[in-house]
Each structure stands twice: as C-alpha cells, then as structure tokens.
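# Remarks on the overall topology
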Amino acid sequence: MIKVAGVKFKTAGKIYDFKSCAFVLKEGDPVIVETEQGLGFGRIAVPPYEIEHTDKKLKQIVRVATKEDFLKREEIKQLEQKAHAFCIKCINDLGLLMNLFSVESTFDRNKLTFFYTADGRIDFRELIKLLVKKFSIRIEMRQVGIRNLSKHYGGVGKCGRELCCSSFMHTFDPVSIKMAKEQGLSLNPTKISGVCGRLMCCLNFENKTYKSMKREMPKLGKSITIDEGKGKVVRLNVLKETITVRLEDNTEVEKTVAQLKKSQPKKQDHKKK
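Residues numbered from 1 in each chain as written. Predicted model: local features only at pLDDT ≥ 70, side-chain atom pairs only at ≥ 80, totals over all residues. Heavy atoms only, no water.

## What about the nonpolar core?
This is how the line gets drawn: Residue types Ala, Val, Leu, Ile, Met, Phe, Trp, Tyr and Cys, when buried and joined through side-chain atoms within 4.5 Å, form a set referred to as a nonpolar core. Relative accessibility decides the category of a residue: with a 1.4 Å probe and only protein chains considered, values under 20% of the type maximum give buried, values over 50% give exposed, and everything between is partly exposed. A run of H or I in DSSP becomes a helix once it reaches four residues, and a run of E becomes a strand once it reaches two; helices and strands are each numbered from the N terminus. Residue contacts are defined here by distance: any two heavy atoms, one from each residue, within 4.5 Å place the two residues in contact.
Ranked by size, the top nonpolar core spans 20 residues in total, and within it Met98, Leu112, Phe114, Leu127, Leu131 and Met141 carry the most contacts. Listed by contribution, the elements that provide at least two residues to this core are helix 1 (67-94), strand 6 (99-105), strand 7 (111-117), helix 2 (125-135) and strand 8 (138-143). The contact partners of Leu127, leaving out residues within four places of it in the chain, are Cys87, Cys90, Ile91, Leu94, Leu96, Met98 and Met141. If you look at the next biggest cluster of nonpolar residues, it comprises 12 residues, including Tyr210, Ile226, Val253 and Leu260.

Written out as structure tokens, the structure is:
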C-alpha cells in the first residue's frame, strides 16, 4: 500500500499527488515537497489516503513546513517582486510587445519562471541574457493564455461573485458558442464573455443541466397537440420547465412539462397474437 496526499501550490491551483510517507497531515497543513523544478512550498488539499498501486512516478513530501521555511518563503516573495520590477524595466528598454504578469521562484531558489501574455511569438533572447546576468540563476519565460492572466489577478464577475478561475477552478475546460445556444442565451459577445474577454466558464458548468432538462421538452418548431388545440412550439423556458405553444388562431398558450405530458395521447402497445 502507498500513502498519497493531494498538494496544491496556489489557492485555486491544480492538486498534485505526492507520497506522504509516515507524515500525519490534515487539510491546510503547509509542506515542503519535491518537484521536477526543485523543492516547492504547498498546502495539503487532500489528506493522506492509501492506494494499492499507481503507474505514476510520484514525488514525495519532504517535511512539514517549519518556521524557517516560512521565513525563507518571505525572502522568496521579495526576490520575485524584485525580479518582476527588473524584468518590466528590461521589457520597456528593449521595446518588447509582451505583458509580464507574474514571476515565480522555486523554493530552493535555483530557477525563476516569468509568466507573460503576448499576441504572437516574442524574441526574448536579449531579455534572458539581462535576467541571467542580474540574478545568476536559471530563467524560464512561459507564455500563457489570457484566462491565466485573469486567474492570477482575480476579480468579480458579472454575477457579482469572485471569479471562478481564481477561487476554485483547477483547470480550464473548453467552452463553445454552442453551449450559449443550448442555454438560449443572447449571442452578443459582451453578454456571454467574462472579464478575460473569452466565453464565460459558467456556460460549461450549466450545460449538462440544460441538456438533461431539454430532453423532456419538444424541440422548437415542432407541431404538437394540446388540450386547447393544435399548435407549434415557439419558446422554451428550460429553468421554469415551460413551453409556449402558438395555436392555429395565433394565440399563445404556456404549458409546463408536466401539463404537456398529461395532454399528450398515450401510445398503446399492440401485442402480436
């Protein structure tokens, strides 16, 4: 049996599995772990549990974070701030069309990663030379999408709540305009886009519910017969579970899904003799 614990390095970051060995840990405990980039400072997101076998090559938790580790973490934050300010100055001096928004250092301070957004590819060879000369450690420039920028800075969405990506989302799932159509939303980009300018992630959260509820409803344009007569379905209100039917005399009748089922003729099973 292998003891495994889930660790995340950011508030809404992805959860990674690590061998927890004999450590007694609970959710929220600060730990120092081995990563491919070096040592990392994280917090327990999933308390240790046992598994029989895994094909993953799991790194391990080195120790529970100590007072010295917290002091070192503060020093690292100062290094990151210093590196961010210096890199911004270099970007302006070199005239590079890129938006640097975050700098992260490994816990053992052997590597600095600079996160940025840009419309295209950037030739930052001269920039890296200046950074290496200044900090004398390994430098990585990582271009990410505009969604990551919003996740990093956070904010408030149109719903009045904290952005999903910066509060609880670990990864970005694909969102399509088809989802907005499925939910009967306006296709005006300003109404279905988030602060990042991309389609709102919540379209994906609610899509399965809409699909499931619409299975119980007739499609738009379908001709049906209700108690008031024959007509055509002209509107669906999925959340209220109502259907609006336009009769042959152009009057409109609103029916709930339950009422519609009662008014539909029941299919009789014909058994072969």
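## Some remarks on helix 1
Note the threshold: Residue count minus one, scaled by 1.5 Å, sets the expected span of a helix.
In this model, helix 1 (28 residues) spans 41 Å end to end at C-alpha, consistent with the 40 Å of a helix rising 1.5 Å per residue. Taken together, the buried positions of helix 1 are Asp69, Ile76, Leu79, Glu80, Ala83, Cys87, Cys90 and Ile91. Packing partners of the buried residues in helix 1 comprise strand 3 (30-35), strand 5 (61-64), strand 6, strand 7 and helix 2. The first or second residue beyond helix 1 is Gly95, which carries a positive phi of 70°.

## Concerning the pairing of strand 12 (residues 252-256)
Worth spelling out the cut-off: Strand pairing is defined by DSSP finding a minimum of two bridges between the two strands.
Of the two faces of strand 12, the one holding Val253 and Lys255 is buried and the one holding Glu252, Glu254 and Thr256 is not buried anywhere. Examined bridge by bridge, strand 11 (residues 242-247) and strand 12 share 5 bridges and lie antiparallel to one another. Each residue of the ladder has a partner; that of Arg246, found in strand 12, is Glu252. The turn joining strand 11 and strand 12, which pair antiparallel and follow one another in sequence, is formed by 4 residues; a positive phi near 70° is taken by Asn250.

## Notes on the sheet that holds strand 6
Whether parallel or antiparallel, the strands of a sheet pair through hydrogen bonds between backbone atoms. Our working definition: Angles shown run from 0 to 180 degrees and are taken between the N-to-C directions of axes, each axis being a line fitted to C-alpha atoms and, for helices, limited to the stretch in contact.
Reading across the sheet, the 3 strands line up as 6-7-8 and stay open at both edges, with mixed pairing between neighbours. Of all the strands in the sheet, the pair left with one neighbour each is strand 6 and strand 8. On average, each strand axis in the sheet is inclined to that of its neighbour by 20°, with strand direction left out of account. Note: strand 7 against strand 8, 6 bridges, orientation parallel. Bridging across to strand 8, Phe114 finds its partner in Met141. Lying over the sheet, helix 1 contacts strand 6 and strand 7, oriented at roughly 150° with respect to strand 6. In the packing of helix 3 (residues 146-153) onto the sheet, the strands contacted are strand 6 and strand 7, and the crossing angle to strand 6 comes to about 65°.

## A short note on the pattern of salt bridges
Rule in force here: We define a salt bridge as a contact between a side-chain nitrogen of Lys or Arg and a carboxyl oxygen of Asp or Glu at a distance within 4 Å.
Tallied over the entire structure, the rule returns 15 salt bridges. Its salt-bridge partner being Asp17, residue Lys56 comes within 3.7 Å of it at the nearest N-O pair. Here Lys56, found in the loop between strand 4 (38-51) and strand 5, pairs with Asp17, found in strand 2 (residues 16-19); they are 39 residues apart in sequence, far enough to count as distant. The partly exposed category is assigned to Asp17, whose relative accessible area is 27%. If you follow the salt bridges from partner to partner, you end up with Lys111, Glu140 and Arg142 in one network.

## Comments concerning the side chain of Gln183
Position of Gln183 relative to the elements: it lies in the loop between helix 5 (177-182) and helix 6 (189-192). With near-sequence residues (within four places) excluded, Gln183 lies in contact with Leu203, Glu206, Asn207 and Tyr210.

## Re the confidence of the model for the protein
Threshold: Across the chain, each position has a pLDDT score giving the predictor's confidence in that residue, from 0 to 100.
For the protein, per-residue confidence averages 87 on the pLDDT scale, and residues scoring 70 or more make up 96% of the total. Taken element by element, the protein is modelled with least confidence in helix 8 (residues 257-263), mean pLDDT 77, and with most confidence in helix 1, mean pLDDT 95. Contacts for the low-pLDDT stretch residues 267-273, under 50 throughout, to residues beyond four places or in other chains number 0 contacts.

## Quick notes on the environment of Leu112
Note that Leu112 resides in strand 7. In this structure the C-alpha to C-alpha distance between Leu112 and Arg138, which are 26 residues apart in sequence, comes to 6.3 Å. Beyond its immediate stretch of four places on either side in the chain, Leu112 contacts Leu79, Ala83, Val103, Glu104, Ser105, Phe135, Ile137, Arg138, Ile139 and Glu140.

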